[in-house]
Amino acid sequence: FPPRRSSDLLDEAKAYPLLRTYHPEAVAQVEYRNYEKESRVVDCTNYAVKIEEAFRFNNEDTLVFRVGITNKTDMELRYAPNGFSLRVGERTYPQSISDASGVVPPHAEAPAYFAVTGSPNGTRNDISIKNDFYVILDAHPVEPVVSVKPEESTNQEDEDESP
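To keep things clear, this report deals only with the structure shown in the data block.

Parameters at a glance
Residues numbered from 1 in each chain as written. Predicted model: local features only at pLDDT ≥ 70, side-chain atom pairs only at ≥ 80, totals over all residues. Heavy atoms only, no water. Pairing = 2+ DSSP bridges. Helix = DSSP H or I, 4+ residues; strand = E, 2+ residues; numbered from the N terminus. Axes fitted to C-alpha atoms, helices over the stretch in contact; angles between N-to-C directions. Polar contact = N/O pair within 3.5 Å; in protein donor to acceptor, adjacent residues only side chain to side chain. Core = buried A, V, L, I, M, F, W, Y, C linked by side-chain atoms within 4.5 Å. Buried < 20%, exposed > 50% of the residue type's maximum accessible area, 1.4 Å probe, protein only. Contact = heavy atoms within 4.5 Å. Salt bridge = Lys/Arg side-chain N within 4 Å of Asp/Glu carboxyl O.

**Considering the sheet that holds strand S6 (residues 85–88)**
Note: strands within a sheet are paired through backbone hydrogen bonds, in either parallel or antiparallel orientation.
Right, on to step 1. A sheet is described by the order of its strands in space; here 3 strands give the open sequence S7-S6-S11, paired in antiparallel fashion. Each edge of the open sheet carries a strand with a single partner, namely strand S7 (91–94) and strand S11 (133–136). Between one strand axis and the next, the sheet turns through 25 degrees on average, direction left out of account.
Right, on to step 2. Note: S6 against S11, 4 bridges, orientation antiparallel. Residue pairing in the sheet places Val-88 in a bridge with Phe-133 of S11.

Here it is, written out as structure tokens:
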């Protein structure tokens, strides 16, 4: 389906708590799973990715995830905002769209949303929201760039040559 619809699904997932409260008919067909009481964390050396919420839009065959990316280093953490993948059992599904900054400050957490639509071969994925999911993301700490100011000229010969 069109990229605009993918973007709409991300927006609907972000607004889910409000929609559920004030317009429950708008999200009646959305399956929802909150990970607050269960820990679903992919813990890497320099960072961790925790699934916080999952949404299933069955008509669009799309899963949307809200994750928190925690930087465990003293340096800025960078990742490709379009670099999310989802592992379910033995299969890996690339993201179809995301809303992510690509940067996490030192010792901080940043939210991100991404969606998986269909399967890599173009068929429906029909993935149940009850599965065990693992988020795959390649992130790396980046040394801060220190800008060096060029030193002012202190060459005596330049100063002595006056017309």
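**Structural notes on the side chain of Arg-33**
Right, on to step 1. Along the chain, Arg-33 turns up in strand S1 (residues 30–34).
Right, on to step 2. At a separation of 2.9 Å, a polar atom in the side chain of Arg-33 contacts the main-chain carbonyl oxygen of Ile-129.

**Focus: the nonpolar core**
Right, on to step 1. Grouped together as the largest cluster of nonpolar side chains are 27 residues, with contacts concentrated most on Phe-65, Val-67, Ile-69, Tyr-79, Phe-84 and Phe-133.
Right, on to step 2. Secondary structure elements with two or more residues in this core: strand S3 (47–57), strand S4 (62–71), strand S5 (76–79), S6, strand S10 (109–117) and S11.
Right, on to step 3. With residues near it in sequence (within four places) discarded, Ile-69 still touches Ala-48, Val-49, Leu-77, Tyr-79, Phe-84, Val-104, Ala-108, Glu-109, Ala-110, Ala-112 and Leu-137.
Right, on to step 4. Core analysis: the next-biggest nonpolar cluster, separate from the first, contains 13 residues, Leu-9, Val-27, Phe-57 and Tyr-113 among them.

**Things to note about the pattern of salt bridges**
Right, on to step 1. Taken as a whole, this structure holds 11 salt bridges when the rule is applied.
Right, on to step 2. Between Asp-126 and Arg-56 there is a salt bridge, with its nearest N and O atoms 3.7 Å apart. With Asp-126 in the loop between S10 and S11 and Arg-56 in strand S3, this pair connects stretches of sequence that are 70 residues apart.
Right, on to step 3. For Arg-56, a relative accessible area of 3% gives the class buried.
Right, on to step 4. Note that Asp-126 is salt-bridged to Arg-124, the shortest N-O span being 3.0 Å.
Right, on to step 5. Because the salt bridges share partners, they merge into one network encompassing Arg-56, Asp-61, Arg-124 and Asp-126.

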